[in-house]
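Working through the structure, step by step
This is what each chain is made of:
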Amino acid sequence: MTGTVSDLSTQPAPVAPPPARGGLVVVLRRGWRQLTSMRTALLLLFLLAVAAVPGSLLPQRPLNPPKVQEYLDAHTTVGPVLDRLGFFDVFASPWFAAIYLLLAVSLVGCIVPRLRLHARAMTTPPPAAPKRFDRLPQYAEPAVIAADPVAGAAAVRAVLRRKRWRTTVRTAEDGTVEISAEKGYLRETGNLVFHTAILALLAGAAAGVLWGWQGNVLLTEGNTFCNTTQGYDQYDLGQQVDGSDLPPFCLSLDRFRATYLDSGQPSSYAASVRYGAGDADPRRPVDIRVNEPLRLSGARVYLLDHGYAPILKYTDRYGQVFSSPNPFLPSDLVTLTSDGAAVFADANQKPGERARTRNVEVAFEGVYTPTAPESGPRVRSVFPAERSPGITLAAYRGDTGLGSGIPRSVYSLDQNQVQKGALKLVGSKFLRPGQTWKLDDGSTLEFVGTKQWAGLRVDEDPGQKVVLVASVLMVIGLIGSLTVRRRRLWVRLAPGAGGTVVGVGGLARTDADSYDEEFRRTVADLGRATAAQPVSAVED
Amino acid sequence: MPVDATLATLSDRLLVAAILVYSAAMLVYAAEYSFGRRSRVGPAAAPAAPAGAAALVGAGAALAAAPVSPAVGGGTGPAVTTGPAGTGSTGRPVEGRSGTAVAGAAAAVLTVVGLLLHAGVLVTRAAAAHRVPWGNMYEFAISVCFIAVLAWLVVMARQARGERRASIRHLGAFVMLPVVLLLGLAGTVLYTPVVPLVPALNSYWLWIHVSAAVIASGVFLVSFVTATLYLIREKYDRVTAAGGTLRFPATLGARFPAADGLERTTFRVIAFAFPVWTFATIAGAIWAEAAWSRYWGWDPKETWAFIAWVIYAAYLHARATAGWRGRRAAWIAVLGWAAMMINLFGVNLVITGLHSYAGLQ
Ligand code: HEM
C-alpha cells in the first residue's frame, strides 16, 4: 500500500541501521545521524532553554557590571567558580554557544535532506491508490454513475483541479481509472522556510556582533561631538571594525526638554539636536525622542538618559575666572537628585609666575536638587523638574590628584586624596541660582544656573536587516506549517454492470478530523458533478 | 489628559463583579461536572462505526447523517467515535433536559456574563487612562485572563459544533479556577492605580507587541488547562487498564473526554498561540531596537520570553518524535506555561530589568 500514514510525514524517514562495517566512516556517519535526529533536536532545545535560565537569575556583566561585583563580594566561594564558568555572561559563554551551534549544525543536517525530499515530492505525481478504501480514515460509500470511467474521471478531475488539487490519472488493464490527488504541499514548504530562516537569523545576529559598533556620549546643551572613537566616553567596536570605519558626522545638542506630570512621572523627553556629515558645525535640526532615534546612513543615535549640569563660576584669589557646566549624575531617577563635582585644577596660580604653586587646586563636590524642599535637609530633591533648584556643595583645597590641565568635569572627587589629607575640606554651603559663596581665601563661587545634558548612544548593527527579514519569514513559514494540512484523495472508477462504480478514499497526516468536513464537501461536489446514484438504487 | 477617577473606580468595581460571576460559574460548572453523566466522548465503549463513510450521493442530506470516522490521528490510539448524532457513548440521550444540562447551560451563560463584565473592566480602564488598557502588569494580567476565557468559549463552541460533538462544557470549572486565581492575584498583589504611560512605553509598538503577547498568553493558558486534563485522563486510563486503584487527581479523569481528543485540542490551541507568541517576541525586538538601540539584549524579560518560546518549540517537536507524543509532550506544554508565569510574575516582581513594566514601587 502506497498511501500509508508515514508516507505523508514531514519528518525524515527513520534511518535503517547502517551496514555492519567497521571503521571511522561508520562511526562518523552514525554520529551524524544521531546529531541530526529529531530526538537530538528535542534534547538540544531543552538544553537551550535550561542554559538560558541562569542568565536571568544571576547578574550579567553586559547588563549590570556593578551587580556582578556585588554578587562576587557577597559570595566569595561560589562567586569566583561561577565567574570562571562564564555564569556572569551566560549568553557569550562557550557552553551556551556550543548548544546553539550544535543546534545549528543539527538544523542544517535536518534541512538539507528534507529539501531534497520535498523537491522530489513536488515534482512526482501523487502515489497510486490503495487497494481498499474502506481501511482509510476517510472514505465514501461506493456509488454508481452512468458515464463510462474515462468520461467520469474527466469530470472528477475537473472538480479537483478547480479546488487546486494536484492530480494524476492511472488507467488499469481492465478499464478501471484511478485518480490520485494531493494537496497541502505548503505545509512542508512552510516548515522548511521556518527552519531555514532560523539559520539566517543566527547568521544575521553573528554579523551584528562582528561588524557592529557602539559608543556612548554624554552631551551637554551647547556642546558638539563628532563620531570618532575619541568623541565617545565609552565605546565598543565589533571584531571586524576599526575606528576609521565609523561614518563621519557631528552632532550638537541645542536643548533638552522633559515634561512631567504633577506626580513626578515623566511624560515626554526630547533632545533637539543639529547634525551634519563630517563638519564641525552641523546644521540639520531634528528632535530625538525615546522610541524615535535619529537614523543616519551607517549609524543610529538614541536618547538613553538625561540629567542636569550645574554651571559653576569660580573666581580665584587673583581674579581669574573659571566657569563650566558640570554634568551631575542622577542618584535618584524619580526625583533627579544628582551627584557631581567640579574641579578647578588650574586655579590660584599666580599670573605670570612660571613655577606651579602646589596645594592650591580647588574642587567642589555636592548634590544638585532640581526642586529642593522648603525645609529639612536640602540634599533630597522632591520633584524632577526645576521648580526651586538649589545645590549643596562642599569645597576642598589642596591636590586633587588630577594634575594640571583644563578644568575637567568628573563626577566625584578622588577620595584617596581626601583621606590622605592632600585635599582638605574648606566648608560647605547651599546655594540658589545666582547666589555667590565667598570662601575663606577670598575666592568666590557663583552658582550661575544649569544646563541639561542628554546621554546618547550611537551605534550600528549591519546584521539587523537580515535578522528582521529572517524573523518575518519565520512567522510566515510557521503559519504555513501549522495551518496547512497535507492530504490525499483517491477516486476509483471501475466499469460495472449497471454503470461505473465510483469509490473515494482520503487520508490526512495531521489533524485528520478537520479533514472530515472538507472530505465530505468534496465528495458531495464530486457526486453532483458526476450525477452519482447510490449503488442500491441502481441494483433495484 | 488627566485620569478620569470615576471611570477608574467603575473599572475596579467591575473587576470585583467579574470575579464573583466567574466564581459562580465555576461552582455551577463543578456541580454539572460532579453530578453529570460521563462525557459524551467517554471511553471507547461505543463500537466505533466501521471506518467512516460518506455517501457519494448527490447533495449533503444523506451525508449529514453518516458518521465519518475519526481520524486515526498519526496512527496512535484506538479510534474513538460517537455513535450517530444524538446518542452519547453510554447510549443515553444527550440532549435530555436533565438538571445537569440546565446547570451546564446556566454556567455557560454565567461565563458569558462574566466575560462581558470583564470586557467592561478593560474598556472603562482604557477610557479612564485615555490609552490601551495594558500599560502595566495589573492590566496585562487581567487582559490575559479575558483572552483565556474568550479562547475557552471558542474552543468549547467549536467542539460542540464539530463532527464529533465532543462537549467539553462541563470542564469549564478547570478553566475558571486559574482565571479566578489570576484575577484575584491581579486585583490584590499587582493592583496599580490608573496612570498615564511613561515615555518609554509611549509607542504604537506597545499596542502591537503587548496585544500579541496578551493573546498568546491567554490562549496558552487554555492549552495549559487541556494538557493538565489530558495528563489526568491519561493516568486514569493507564490505572484503570491495569486494574489499579485510582487516587486523586486521577479519579477526576472518569468524566473527562477521551485522552486522544484532549491531546489534539491541546495541540490545536498551541498551534494557534505559538505563531502569535513568535510574532509578539519579534514585535518586542523591533520595539526594543527603536527604544534601546538593540533588538535583543538578554534582559530577564526577553530571556524568559525566549525560554518559553523554546519550550513550546520543543513541544511541537515532541509531538513529532517517537516516544514523546502524548504524556511527555503534555508535560512540556505544562512546563511552557510555567515559563510564561515566571515571565509574568517572577521577572516583574523578583528579577528586575529594563522592562520596568510592573508599575509597582
Ligand atoms: C533552533 C532549533 C529549532 C527550532 C526553534 C525548531 C522549531 C520547530 C517548530 C516550532 C516546529 C513546529 C512547526 C512546524 O511544523 O513547522 C518544528 C517542526 C519540525 N522540526 Fe524543528 N526546530 C528546530 C530545529 C530542528 C532540527 C535540528 C530538526 C531536525 C532534526 C528539526 C526538525 C523538525 C521537523 C521534522 C518538524 C516537523 C514536525 C512535524 O512533522 O510535525 N527541527 N520545529
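Owing to the predicted nature of the structure, the values given are computational and were not obtained by experimental measurement. (Residues numbered from 1 in each chain as written. Chains lettered and ligands numbered in written order. Predicted model: local features only at pLDDT ≥ 70, side-chain atom pairs only at ≥ 80, totals over all residues. Heavy atoms only, no water.)

Examining the overall build of chain A
We apply this condition: Under the scheme used here, helices are H or I runs from DSSP no shorter than 4 residues and strands are E runs no shorter than 2 residues, and both carry numbers assigned from the N terminus. C-alpha atoms define the radius of gyration, and 2.2 Å times the number of residues to the power 0.38 defines the globule rule. Exposed residues in this analysis have more than 50% of their type's maximum accessible area, buried residues have under 20%, and partly exposed residues fall in between, with area computed by a 1.4 Å probe over protein chains only.
Helix and strand content of chain A: eleven helices and 22 strands. By the compact-globule yardstick of 24 Å for 540 residues, chain A is too spread out, its C-alpha radius of gyration being 38 Å. By its C-alpha atoms, chain A is 125 × 60 × 45 Å across when sized along the principal axes. Put simply, chain A has 540 residues, and 48% of those count as buried.

Here's the deal with the packing of aromatic side chains
Let me state the cut-off plainly: Centre distance within 6.5 Å is the pairing criterion for rings of Phe, Tyr and Trp, where only the six-membered ring of Trp is used; planes under 30 degrees apart are then read as stacked, over 60 as edge-to-face, and the remainder as tilted. Criterion for a charge above a ring: Arg CZ or Lys NZ at most 6 Å from the ring centre, at most 35 degrees from the ring normal.
Evaluation of the coordinates by the stated rule reveals 28 aromatic pairs over all chains. Considering the side-chain rings of Tyr 314 of chain A and Phe 344 of chain A, the 5.5 Å spacing of their centres and the 20 degrees angle between planes classify their relative orientation as stacked. Taken as a pair, Tyr 314 of chain A in strand β11 (residues 299-315) and Phe 344 of chain A in strand β14 (residues 338-344) lie far apart in primary sequence, 30 residues in all. Taken together through their ring pairs, the aromatic side chains of Phe 91, Phe 96 and Tyr 100 of chain A together with Trp 296, Trp 298 and Phe 306 of chain B make up a single cluster. One residue, Arg 487 of chain A, lies across the ring of Trp 165 of chain A, its end atom 5.9 Å from the ring centre.

Description of the pattern of salt bridges
All names here are of chain A. Defined as follows: The salt bridge definition used is simple: a Lys or Arg side-chain nitrogen within 4 Å of an Asp or Glu carboxyl oxygen.
What the rule picks out here adds up to 35 salt bridges over all chains. Across the pair Arg 274 and Asp 254 runs a salt bridge, and its minimum N-O distance is 2.9 Å. With Arg 274 in strand β8 (residues 266-276) and Asp 254 in strand β7 (residues 250-260), this pair connects stretches of sequence that are 20 residues apart. Residue classification places Asp 254 among the partly exposed positions, given a relative accessible area of 37%. The salt bridge involving Arg 397 is made with Asp 440; its shortest N-O contact spans 3.0 Å. Residue Arg 397 is found in strand β16 (residues 390-398), and its partner Asp 440 is found in the loop between β18 (436-438) and β19 (444-460); the two are separated by 43 residues along the sequence. In this structure Arg 397 comes out as buried when scored by relative accessible area, which is 17%.

So, the packing of helix α9 (residues 464-483) of chain A against helix α7 (residues 259-292) of chain B
This is how the line gets drawn: A fitted line through C-alpha atoms represents every axis, and for helices the fit uses only the stretch in contact; the resulting angles, taken between N-to-C directions, go from 0 to 180 degrees. When describing relative orientation, an angle under 35 degrees is termed roughly parallel and one over 145 degrees roughly antiparallel, while 65 to 115 degrees is termed roughly perpendicular and anything else oblique. Rotating anticlockwise by less than a right angle from the far helix to the near helix defines a left-handed crossing, while the corresponding clockwise rotation defines a right-handed one. Contacts were defined at the residue level, with two residues in contact if any of their heavy atoms lie within 4.5 Å. Three categories are distinguished: nonpolar for Ala, Val, Leu, Ile, Met, Phe, Trp, Tyr, Cys and Pro, charged for Asp, Glu, Lys and Arg, and polar for the others, with Gly belonging to the last.
Between α9 of chain A and α7 of chain B, the least distance of the axes is 10 Å, while the angle of their chain directions is 165 degrees. Classified by the interaxial angle, the pair formed by α9 of chain A and α7 of chain B is roughly antiparallel. Handedness of the crossing formed by α9 of chain A with α7 of chain B: left-handed. Contacts between α9 of chain A and α7 of chain B involve Gln 464, Leu 468, Ser 471, Val 475, Leu 478, Ile 479 and Leu 482 of chain A from the former and Phe 267, Ala 271, Phe 274, Pro 275, Thr 278, Phe 279, Ile 282, Ile 286 and Glu 289 of chain B from the latter. For the contact of α9 of chain A with α7 of chain B, the class distribution of residues is twelve nonpolar, three polar and one charged.

Section: the nonpolar core
Inclusion rule: Take the buried Ala, Val, Leu, Ile, Met, Phe, Trp, Tyr and Cys residues and link them wherever side-chain atoms come within 4.5 Å; each set so joined is a nonpolar core.
Residues Val 179, Phe 220, Phe 274 and Trp 277 of chain B are the most contacted members of the largest nonpolar core, which totals 121 residues. The element best represented in this core is helix α6 (residues 204-241) of chain B, accounting for 17 residues. Filtering out sequence-adjacent residues up to four positions away, Phe 220 of chain B remains in contact with Ile 270, Ala 273, Phe 274, Trp 277, Tyr 312, Trp 337 and Met 340 of chain B. In this structure, Val 217, Tyr 232, Leu 253 and Val 290 of chain A belong to the second largest nonpolar core, which totals 25 residues.

Let's talk about the domain arrangement of chain A
Worth spelling out the cut-off: For every domain, the bounds stem from an assignment made automatically or drawn from a database.
Segmentation of chain A into domains returns domain 1 (27-121), domain 2 (125-184 + 485-539) and domain 3 (331-448). Computed from C-alpha coordinates alone, the two centres of domain 1 of chain A and domain 2 of chain A are separated by 50 Å.

As for the sheet that holds β7 of chain A
All names here are of chain A. Which entries qualify depends on this criterion: Here a strand pair is declared whenever DSSP counts at least two bridges between the two strands.
Strand order in the open sheet made by the four strands is β5-β7-β8-β9, with antiparallel pairing throughout. Single-partner strands in this sheet number two, and they are β5 (224-226) and β9 (284-289). Within this sheet the neighbouring strands show an average axis-to-axis angle of 30 degrees, counted without direction. Sheet analysis places β8 next to β9, joined by six bridges and oriented antiparallel. For Arg 274, the partnering residue across the bridge sits in β9 and is Pro 285.

Details of unusual backbone geometry
Going from Phe 248 of chain B to Pro 249 of chain B, the amide bond is cis rather than trans, its omega being 5 degrees. Of note, Pro 249 of chain B is situated in the loop between α6 and α7. Positive phi values are uncommon outside glycine, yet Leu 336 of chain A reaches one of about 60 degrees. Note that Leu 336 of chain A resides in the loop between β13 (329-330) and β14. Non-glycine residue Trp 298 of chain B carries a positive phi angle of around 55 degrees. Among the secondary structure elements, Trp 298 of chain B is positioned in the loop between α7 and α8 (300-318).

Section: the coordination of the iron atom of the ligand
For clarity, the cut-off: The donor set comprises N, O and S atoms within 2.8 Å of the metal, extended to 3.2 Å for Na, K and Ca; water molecules are omitted, so apparent gaps in a site may simply reflect that omission. A four-donor site is called tetrahedral if each angle lies between 85 and 135 degrees; a four-donor site is square planar, and a six-donor site octahedral, when trans pairs exceed 155 degrees and the remaining angles lie between 65 and 115; all other cases are labelled irregular.
Only His 195 of chain A (NE2) and His 317 of chain B (NE2) from the protein coordinate the iron atom of the ligand, and they sit 1.9 Å from it. Taken together, the six donor atoms surrounding the iron atom of the ligand define angles of 74 to 178 degrees at the centre, an arrangement classified as octahedral. Residue His 195 of chain A is located in helix α7 (residues 186-211), and its partner His 317 of chain B is located in helix α8; the two belong to separate chains. Residue His 195 of chain A is classed as buried on the basis of its relative accessible area of 10%.

Things to note about the interface of chain B and chain A
Filter applied, for reference: Buried surface area refers to the total accessible area, computed with a probe of radius 1.4 Å, that the two partners give up upon joining, counted for both partners together. N or O atoms within 3.5 Å of each other form a polar contact, as long as, within protein, one can give a hydrogen and the other can take it, and as long as residues adjacent in sequence are counted only when both atoms are side-chain atoms.
Facing 66 residues of chain B, the contacting portion of chain A comprises 72 residues. Between chain B and chain A lies a buried interface of about 5,700 Å² when both sides are counted; carbon and sulfur atoms form 67% of it. Taken together, the connections running from chain B to chain A amount to two salt bridges. Linking Glu 289 of chain B and Arg 300 of chain A is a salt bridge whose minimum nitrogen-to-oxygen distance equals 2.3 Å. Taken together, the links from chain B to chain A amount to ten residue pairs in polar contact (both at pLDDT 80 or more). If you list the elements that add at least two residues to the side of chain B that touches chain A, you get β1 (53-55), α2 (61-65), α7, α8 and α9 (327-350) of chain B. For the side of chain B that touches chain A, the element with the most residues is α7 of chain B, which contributes 15 residues.

Remarks on the packing of α6 of chain B against α7 of chain B
Residues and elements named next belong to chain B. Two elements in contact, α6 and α7, have axes whose closest approach is 7 Å; the angle formed by their N-to-C orientations is 155 degrees. Relative to α7, α6 is oriented roughly antiparallel. In this structure, the crossing between α6 and α7 has a hand that is left-handed. Of the residues belonging to the contact of α6 with α7, the class tally is 27 nonpolar, seven polar and three charged.

A look at the confidence of the model for chain A
Residues and elements named next belong to chain A. To keep things clear, this is the line we draw: Every residue carries a pLDDT, the predictor's confidence in it, which falls somewhere between 0 and 100.
When the pLDDT values of chain A are averaged, the result is 86; 92% of them are 70 or greater. Summarising per-element confidence for chain A, the mean pLDDT is lowest in helix α11 (residues 535-539) (51) and highest in α9 (95). Note on residues 1-7: pLDDT is under 50 here. Beyond four places in sequence and across chains, it has 13 contacts.

Thoughts on the pairing of strand β2 (residues 166-171) of chain A
Residues and elements named next belong to chain A. Sheet analysis places β2 next to strand β3 (residues 177-183), joined by six bridges and oriented antiparallel. The partner of Thr 171 across the bridge, within β3, is Val 177. Hairpin remark: β2 followed by β3, antiparallel, with five residues in the connecting loop; positive phi at Gly 175, about 90 degrees.

Some remarks on the state of the cysteines
Any covalent bond linking the sulfur atoms of two cysteines counts as a disulfide. All names here are of chain A. Applicable threshold: In this description, a disulfide is simply a cysteine sulfur pair whose atoms lie within 2.5 Å.
Under the defined criterion, the tally for this structure stands at one disulfide over all chains. With its sulfur 2.0 Å from that of its partner, Cys 226 forms a disulfide with Cys 250. Taking the torsion about the sulfur-sulfur bond, which here is approximately 105 degrees, the covalent link between Cys 226 and Cys 250 counts as right-handed. Taken together, the residues Cys 226 in strand β5 and Cys 250 in strand β7 connect sequence positions 24 residues apart. Judged by relative accessible area, Cys 226 falls into the partly exposed class, the value being 27%. Judged by its relative accessible area of 5%, Cys 250 falls in the buried class.

Some points on the sheet that holds β14 of chain A
Residues and elements named next belong to chain A. Judged by pairing direction, the sheet is antiparallel, and its five strands sit side by side in the order β13-β14-β15-β16-β17 without closing on themselves. At either margin of the open sheet sits one strand with a lone partner, and together these are β13 and β17 (423-431). Here β16 pairs with β17 via eight bridges, running antiparallel. By the bridge assignment, Tyr 396 is partnered in β17 with Leu 425.

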